[in-house]
Amino acid sequence: MQAQHCLSLAAMAALTCGLGGGFPEDRAHAENSLSTASRIVAVYDVALGNFNLGQFRLTTTFRGDAYEMRGEGNFSILEGLIYRWQGTTASRGRVTDAGPEPAMYALRYSDGARRGEQLRMTFDGGSVQKVTIYPRRRQSPRTIPVTKEQLEGVLDPMSGAFLTASSQNPNGDLEVCKQILPVFDGLQRFDLVLSPKRAVTVKKTTKGGYGGPAVICRVKFIPIAGYQPDNPGIRMMSQTDEIEVWLIPVRGTYMYVPYRIVLPTPVGYGSAVVSSIQVGGAKRASLDR
């Protein structure tokens, strides 16, 4: 599932991108925090070691307390001579007092060898209801099975990455880093434990980019089920203390969204950094500060 993890990295999701926090207790505040940002479009540059893999584009649309997210990624090395991969991912649900409540998550990808996979997952009341994967591959007997209880109160990677961090402080609130996020990506169940690292100021480097306050969170990856204990990638991710995510406030809302992610891999550091981000809504048209 390395291809799935590649997209999840770009989507700030499966491997590193749990973001903490809940929306304010007053439901009207929760809805208002999103109503001024009816549409967010973010483009991330994704790199691995010295290679620029490509871009991931994420579009999030809000209608009242409902949300829809769609991501598209196209990655390659040496114009596809060594590696090529493309995929789409989607999530929808609604925002509640406690944060996002997903209803559906989907992932589709293919690589240069014409291998691919389609995954669809549905939720009911915060618990996973059904997972469909095509083609279905035989699971290794070394894989730790996922129990029904472990699928209660979980988030899909996209909802967890983009819709859970919030604060009424728009100046870089380290409190958003004090969180534990339960995630299920359709195969693996894991927790992402965030802790504060430091607050910084980001300089705007592109016309459509971002400049302003950011908080850096240390992220600890804790595998729970759906993985093989002897998998070197899982072992490396669970042992490292070098995973971090930078969160930035969306002005005019209570939201914090990912600006930068860094994590070690067996072939070098992987990263995803915002190159362009725009917000459309009743009161605001962009994130420019």
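Just so you know, these numbers come straight off a predicted model, no measurement behind them.

This part covers the overall build of the protein chain. When helices and strands are tallied, the protein chain shows four helices and 13 strands. A burial count over the protein chain gives 53% of its 289 residues as buried. Within the protein chain, residue pairs in contact and separated by at least 24 positions form 60% of the contacts whose partners lie at least 6 positions apart.

So, about the side chain of Thr164. Its location among the elements puts Thr164 in the loop between helix H3 (157–162) and strand E8 (179–184). Residue classification places Thr164 among the buried positions, given a relative accessible area of 4%. A polar atom in the side chain of Thr164 sits 2.9 Å from the backbone oxygen of Gly160.

A few words now on the confidence of the model for the protein chain. Here the protein chain averages 82 in pLDDT, and 81% of its residues register 70 or above. The low-confidence segment residues 1–32, where pLDDT is below 50, has 121 contacts with residues more than four positions distant or belonging to other chains. For the stretch residues 282–289, pLDDT sits under 50, and the model shows 24 contacts to residues farther than four places along the chain or on other chains.

Next up on the list: the packing of aromatic side chains. What characterises a pair of aromatic rings is the spacing of the ring centres plus the angle enclosed by the ring planes. Tallied over the entire structure, the rule returns four aromatic pairs. Measuring from ring centre to ring centre gives 6.2 Å for Tyr44 and Phe162, while their planes differ by 65°; the resulting arrangement is edge-to-face. One end of the pair, Tyr44, is in strand E1 (residues 39–48); the other, Phe162, is in helix H3, with 118 residues separating them in the sequence. Accessibility expressed as a relative area gives 0% for Tyr44, which makes it buried. The buried category is assigned to Phe162, whose relative accessible area is 4%. Ring geometry for Phe190 against Phe221: centres 5.2 Å apart, planes inclined by 45°, an arrangement best described as tilted. Of the two residues, Phe190 is situated in strand E9 (residues 189–202) and Phe221 in strand E10 (residues 212–225); the sequence distance between them amounts to 31 residues. Look at Phe190 and you get buried, because its relative accessible area is 1%. Classification of Phe221 by relative accessible area gives buried; the value is 1%.

In this structure, the amide linkage connecting Tyr134 to the following residue, Pro135, adopts the cis form with an omega of -10°. Tracing the backbone shows Pro135 in the loop between strand E7 (127–134) and H3.

Of all the 10 residues making up E1, seven are buried; the element is thus mostly covered by neighbouring parts of the structure. Strand direction decides the pairing type here: E1 and strand E13 (residues 268–280), joined by 10 bridges, are antiparallel. Residue pairing for E13: Asp45 is matched across the bridge by Val273. As defined by bridge partners, E1 adjoins strand E2 (residues 51–63) across 10 bridges and the pair is classed as antiparallel. Bridged to Ala42 within E2 is Leu58. Counted along the chain from E1 to the antiparallel partner E2, the turn is two residues long, and its residue Gly49 has a positive phi close to 60°.

Let us now look at the pattern of salt bridges. The tally for this structure, following the rule as stated, stands at nine salt bridges. Arg142 is paired through a salt bridge with Asp230; the nearest N and O atoms lie 3.1 Å apart. A residue pair is termed long-range when its members are at least 10 positions apart, and Arg142 in the loop between E7 and H3 and Asp230 in the loop between E10 and helix H4 (232–239) qualify at 88 residues. For Asp230, a relative accessible area of 40% puts it in the partly exposed group. Glu244 is the salt-bridge partner of Lys197, the closest N and O atoms lying 2.7 Å from each other. Of this pair, Lys197 sits in strand E9 while Glu244 sits in strand E11 (residues 244–249), and the two are 47 residues apart along the sequence. Lys197 gets classed as partly exposed once you look at its relative accessible area, which sits at 33%.

With respect to the helices, strands and loops of the structure, Asp173 is situated in the loop between H3 and E8. For the buried residue Asp173, which engages in no salt bridge, the nearest side chain bearing the opposite charge is Lys178, 7.7 Å off. For Asp173, the contacting residues outside a window of four places in its chain are Ser167, Val215 and Tyr256.

Here the focus is the state of the cysteines. In the structure shown here, the tally under the stated rule is one disulfide. Each disulfide pairs two cysteine sulfurs, and for Cys177 the partner residue is Cys217, the sulfurs being separated by 2.0 Å. What sets the handedness of the Cys177 and Cys217 disulfide is the S-S torsion sign, and at about -65° it is left-handed. Placement of Cys177 in the loop between H3 and E8 and of Cys217 in strand E10 is noted, with a sequence separation of 40 residues between them. In this pair, the class of Cys177 matches that of Cys217, namely buried.

What counts, and where the lines are drawn
Residues numbered from 1 in each chain as written. Predicted model: local features only at pLDDT ≥ 70, side-chain atom pairs only at ≥ 80, totals over all residues. Heavy atoms only, no water. Helix = DSSP H or I, 4+ residues; strand = E, 2+ residues; numbered from the N terminus. Buried < 20%, exposed > 50% of the residue type's maximum accessible area, 1.4 Å probe, protein only. Contact = heavy atoms within 4.5 Å. Polar contact = N/O pair within 3.5 Å; in protein donor to acceptor, adjacent residues only side chain to side chain. pLDDT = per-residue confidence, 0-100. Phe/Tyr/Trp six-rings, centres within 6.5 Å; stacked < 30°, edge-to-face > 60°. Pairing = 2+ DSSP bridges. Salt bridge = Lys/Arg side-chain N within 4 Å of Asp/Glu carboxyl O. Lys, Arg positive; Asp, Glu negative; His and termini not counted. Disulfide = S-S within 2.5 Å.

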